Amino acid sequence: MQNRKFEKLGFECSLFGIGSMRLPLITNPDGSTDSEQIDEAKAISMIRYGIDHGVTYLDTAYGYHGGNSEHLLGRALKDGYRQKIKLATKLPVWLTKTYDDFDRLLDEQLTRLNTDYIDFYLLHALHKEAWVRVRDMGILGWLDKAVADGRIRYPGFSFHDELPFFKNII
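For the structure given in this document, a descriptive report is provided here. (Residues numbered from 1 in each chain as written. Predicted model: local features only at pLDDT ≥ 70, side-chain atom pairs only at ≥ 80, totals over all residues. Heavy atoms only, no water.)

## As for the nonpolar core
Grouped together as the largest cluster of nonpolar side chains are 39 residues, with contacts concentrated most on Ile47, Leu58, Ile139 and Trp142. Listing elements by their share of this core, those giving two or more residues are helix H1 (40-52), helix H2 (68-76), strand S7 (86-91), helix H3 (99-112), strand S8 (118-126), helix H4 (128-137), helix H5 (139-148) and helix H6 (163-169). Among residues more than four places away in sequence, those in contact with isoleucine 139 are Leu91, Phe102, Leu123, Trp131 and Val134. (Core = buried A, V, L, I, M, F, W, Y, C linked by side-chain atoms within 4.5 Å. Buried < 20%, exposed > 50% of the residue type's maximum accessible area, 1.4 Å probe, protein only. Helix = DSSP H or I, 4+ residues; strand = E, 2+ residues; numbered from the N terminus. Contact = heavy atoms within 4.5 Å.)

## Brief notes about the pairing of strand S5 (residues 33-38)
By the bridge criterion, two bridges tie strand S4 (residues 25-27) to S5 in an arrangement that is antiparallel. Bridging across to S5, leucine 25 finds its partner in isoleucine 38. The hairpin formed by S4 and S5 contains five residues between the paired strands, and glycine 31 there has a positive phi angle of roughly 90 degrees. (Pairing = 2+ DSSP bridges.)

## Some remarks on H5
Residue pairs spaced three or four apart in an α-helix point in one direction, given the helix's 3.6 residues per turn. Within H5, burial applies to Ile139, Trp142, Leu143 and Ala146. For H5, the buried positions fall inside an angular range of 100 degrees around the axis, keeping them on one side. Pointing more than 90 degrees away from the buried face of H5 are the exposed residues Asp144 and Ala148. One or two residues past the end of H5 sits glycine 150, with phi positive at roughly 90 degrees. (Arc of directions from axis to C-beta.)

## Notes on the packing of aromatic side chains
Taken as a whole and judged by the stated rule, the model has 12 aromatic pairs. Measuring from ring centre to ring centre gives 5.5 Å for phenylalanine 102 and tryptophan 142, while their planes differ by 45 degrees; the resulting arrangement is tilted. Of this pair, phenylalanine 102 sits in helix H3 while tryptophan 142 sits in helix H5, and the two are 40 residues apart along the sequence. Tryptophan 142 carries the same exposure label as phenylalanine 102, and that label is buried. Put simply, the rings of Phe6, Phe11, Tyr57, Phe120 and Tyr154 pair up and form one aromatic cluster. Note that arginine 82 overlies the ring of tyrosine 117, its terminal NZ or CZ placed 4.3 Å from the centroid. Over the face of the ring belonging to tyrosine 62 we find arginine 112, whose NZ or CZ atom lies 4.1 Å from the ring centre. (Phe/Tyr/Trp six-rings, centres within 6.5 Å; stacked < 30°, edge-to-face > 60°. Lys NZ or Arg CZ within 6 Å of the ring centre and 35° of its normal.)

## Quick notes on the layout of surface pockets
If you add up the space inside the largest pocket, you get close to 190 Å³. Considering the residues around the largest pocket, the lining is formed by Leu123, Leu126, Trp131, Leu140, Leu143, Pro155, Gly156, Phe157, Ile169 and Ile170. Elements that contribute at least two residues to the lining of the largest pocket include exactly S8, H5 and strand S9 (152-159). Sorting elements by how many residues they give to the lining of the largest pocket places S9 first, with three residues. For the lining of the largest pocket, the residue count by class is nine nonpolar, one polar and no charged. (1 Å grid on protein atoms, 1.4 Å probe; cavity = no way out; pocket = protein on both sides within 12 Å on 5 of 7 lines; lining within 4 Å. Points joined across faces, edges and corners; volume = space filled by probe spheres on them. Nonpolar A, V, L, I, M, F, W, Y, C, P; charged D, E, K, R; others polar.)

## Focus on the environment of histidine 53
Along the chain, histidine 53 turns up in the loop between H1 and strand S6 (57-59). Separated by 52 residues in sequence, histidine 53 and methionine 1 place their C-alpha atoms 7.4 Å apart. Within the structure, histidine 53 has its side chain in polar contact with the backbone oxygen of tyrosine 49 (distance 2.8 Å). (Polar contact = N/O pair within 3.5 Å; in protein donor to acceptor, adjacent residues only side chain to side chain.)

## Remarks on the side chain of aspartate 59
Mapped onto the fold, aspartate 59 is located in strand S6. Leave out the neighbours within four places in its chain, and aspartate 59 touches Ile18, Gly19, Ser20, Tyr64, Leu73, Ala88 and Lys90.

Next up, the structure:
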């Protein structure tokens, strides 16, 4: 497995990561599937196989698989697997209506993921309207607080808008 150094952060991550937006699903007797019904045994086996073979970066988000992706990863990362990887998940900014929602959602995600901290916590799917709203609610100060109390190691964002606005956020 090839790795890349994050010199300023003091660690390496595998070049290949595992995303959990499209985990294997249970097939119903009629051949259909439901995106919320993850084949847990198969998904956990795949995730652990990847980790056992050098994958050190896993990515999920609050809404993947109807919210079941984070729960599944929490189970997959038991038995010492959490300590072997860097974990990324995302704050669903569209669900935040008040400052208190930032804490409520992060704490819910920590419980789902069965962990005390998130390595990379991304503001999910930022665009101009969402950024202005969470910025004005105090997201930057809240992120500093969550880093200081150890629940988040490295904040970031995923982006869905035009380049000039990306530069504005940066």
